[in-house]
Amino acid sequence: MTAATLLIPGLDEIVRHGDPQRRAEAARRIAELFFQDAATLRSNHVDLFDGLLIDLVPHAELAARAELAERMSLLANAPRELVGQLARENEITIAGPLLRRSPVLDEAALIEIARVKGQGHLLAMSERAALSSDLTDVLVHRGDRDVVRRTAGNSGAQFSEGGYSTLIKRAGRDGVLTLKLGQREDLSADLLKELLAGSIDVIRRRLFEVVKPARQAVIKQAMAEISGMPEQVESRRDFMPAQRTVLALHRDGYLNEGALLGFAKSHRYEESVAALSAMSGVKIATLDRLISGDRNDPILIVGKTIGLEWVTVRALLLLRLGPHRVPAPTDIEVARVNFARLMPSTAERVVQFWKSR
């Protein structure tokens, strides 16, 4: 430390008894000396700098400490005690850079900080290039929505069985988290199935759109298992006469939206489904299963894909309920709004999924 002593006369006295302003100035000058030679310093020299700065830096102004933390966060041989001190500061502009990337902070220090500090500290930590399962256990348990989403989307994060279980439970109330989890390559098929089982249809469809092609096959299989309705189960309805009627219309050039609307208004279910099948390319058995379920989505999606007007879609929704059931006006209005908002490209992707089943 001869260089520091020569650079700052009376350094020992400043460290022991100097006023805050003199200590802050000494900290700045010693830190600059450290950064000048950081690449060539031996570990014992770094320790000497550490011993001096740890008592001086707390007297520096916030902006100076934040700048120091930013520069220290990039060094693999930064003074360990000083880094730990700065990373534990409540001011996130100081602690944040070190929590995000400092290679000097070890696992034990990170977990200790994660257990006691606030959400800003946890969020900064969730951005590290690598996160162990022990650390993510704490982040997932204590973190708010933003922390959990960022952690789940970190490709360098590892999760324990308990961590994944907690994430999947939270994803049931968070569609964004579902999408981030569903895209993780380390999520097993069983966990993916559990994730999908707790999500709504629109999130499932969106996930299918954004994952890689190889992952789409896994999602298809999971959805088939969740639905409990394998493709080989045939409908109890007899569609053969309806198919002949629809084929005749197609042959004569009369299979269009007007014909479909007529079938729906007349409550001719088989002819309506057969016409939808011919116009969309989705199998009759698949459409029958989807439409006879308890959701309006399939009709909205098929209708959007083949360009139906709302009046026809509404007639098909009423057909699905049967001739003696009157829907609540709010249900129809919600369906109308959803149909208007549904993007054709999204509907087409879902229909392509149905066609492959």
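**Q** Pulling in residues and values, what's your account of the overall build of the protein chain?
**A** Counting its regular elements, the protein chain contains 24 helices and zero strands. Burial analysis of the protein chain (357 residues in total) assigns 44% to the buried set. For the protein chain, the share of sequence-separated contacts (at least 6 apart) that also reach a separation of at least 24 residues comes to 62%. In the form shown here, the protein chain has an accessible surface area of approximately 18,700 Å², with 51% of it arising from carbon and sulfur atoms.

**Q** Requested: an account of the environment of Ala 78, with residues and values cited.
**A** Turning to its location among the elements, Ala 78 is positioned in the loop between helix H5 (62–72) and helix H6 (80–87). What makes Ala 78 buried here is its relative accessible area of 5%. Taking the C-alpha atoms as reference points, Ala 78 and Phe 34, 44 residues apart in sequence, are found 9.2 Å from one another. Not counting chain neighbours up to four residues away, the residues in contact with Ala 78 comprise Phe 34, Val 46, Met 72, Val 83 and Val 104.

**Q** Outline the packing of aromatic side chains, supporting the account with residue identities and numerical values.
**A** For the structure on display, the rule yields six aromatic pairs. When the centroid spacing of 5.3 Å and the interplanar angle of 65 degrees are considered together, the rings of Phe 34 and Phe 49 count as edge-to-face. A residue pair is termed long-range when its members are at least 10 positions apart, and Phe 34 in helix H3 (residues 20–37) and Phe 49 in helix H4 (residues 43–56) qualify at 15 residues. Judged by its relative accessible area of 0%, Phe 34 falls in the buried class. Aromatic pair Trp 310 and Phe 339: ring centres 6.0 Å apart, planes at 40 degrees, arrangement tilted. With Trp 310 in helix H22 (residues 310–321) and Phe 339 in helix H23 (residues 329–341), this residue pair connects regions lying 29 residues apart in the sequence. Judged by its relative accessible area of 8%, Phe 339 falls in the buried class. An aromatic cluster of three or more residues is present, and its members are Phe 34, Phe 35 and Phe 49. Arg 71 extends its terminal NZ or CZ atom over the ring of Phe 35, reaching a point 4.0 Å from the ring centre. For Arg 237, the ring lying beneath its charged end belongs to Tyr 269, and the centroid distance is 3.9 Å.

**Q** An account of the nonpolar core is requested, with residue identities and associated values reported.
**A** Membership of the largest hydrophobic core comes to 101 residues, with the highest contact counts inside it found for Met 72, Leu 99 and Leu 181. Leu 181 has contacts with Ala 152, Tyr 164, Leu 167, Ile 168, Ala 171, Leu 187 and Leu 195, leaving out every residue within four places of it along the chain.

**Q** Quick one: what's the story with the side chain of Ser 277, residue by residue and with numbers?
**A** Along the chain, Ser 277 falls in helix H19 (residues 269–280). Accessibility expressed as a relative area gives 12% for Ser 277, which makes it buried. The residues touching Ser 277, leaving out its near neighbours within four places in the chain, are Val 282, Lys 283, Ile 284 and Leu 287.

**Q** Please set out empty space enclosed by the protein residue by residue, giving values where relevant.
**A** Inspection of the entire model under this criterion finds one cavity of 30 Å³ or more. Roughly 60 Å³ of internal volume is contained in the largest cavity. Taken together, Tyr 269, Ser 272, Val 273, Leu 276, Ile 291, Ile 299, Leu 316, Leu 319 and Arg 320 make up the full set of residues lining the largest cavity. Elements with a minimum of two residues in the lining of the largest cavity: H19 and H22. By residue number, the principal contributor to the lining of the largest cavity is H19, which donates four residues. Residue classes in the lining of the largest cavity are distributed as seven nonpolar, one polar and one charged.

Thresholds, definitions, all that
- Residues numbered from 1 in each chain as written.
- Predicted model: local features only at pLDDT ≥ 70, side-chain atom pairs only at ≥ 80, totals over all residues.
- Heavy atoms only, no water.
- Helix = DSSP H or I, 4+ residues; strand = E, 2+ residues; numbered from the N terminus.
- Buried < 20%, exposed > 50% of the residue type's maximum accessible area, 1.4 Å probe, protein only.
- Contact = heavy atoms within 4.5 Å.
- Areas by Shrake-Rupley, 256 points an atom, 1.4 Å probe, with all protein chains shown as cover.
- Phe/Tyr/Trp six-rings, centres within 6.5 Å; stacked < 30°, edge-to-face > 60°.
- Lys NZ or Arg CZ within 6 Å of the ring centre and 35° of its normal.
- Core = buried A, V, L, I, M, F, W, Y, C linked by side-chain atoms within 4.5 Å.
- 1 Å grid on protein atoms, 1.4 Å probe; cavity = no way out; pocket = protein on both sides within 12 Å on 5 of 7 lines; lining within 4 Å.
- Points joined across faces, edges and corners; volume = space filled by probe spheres on them.
- Nonpolar A, V, L, I, M, F, W, Y, C, P; charged D, E, K, R; others polar.

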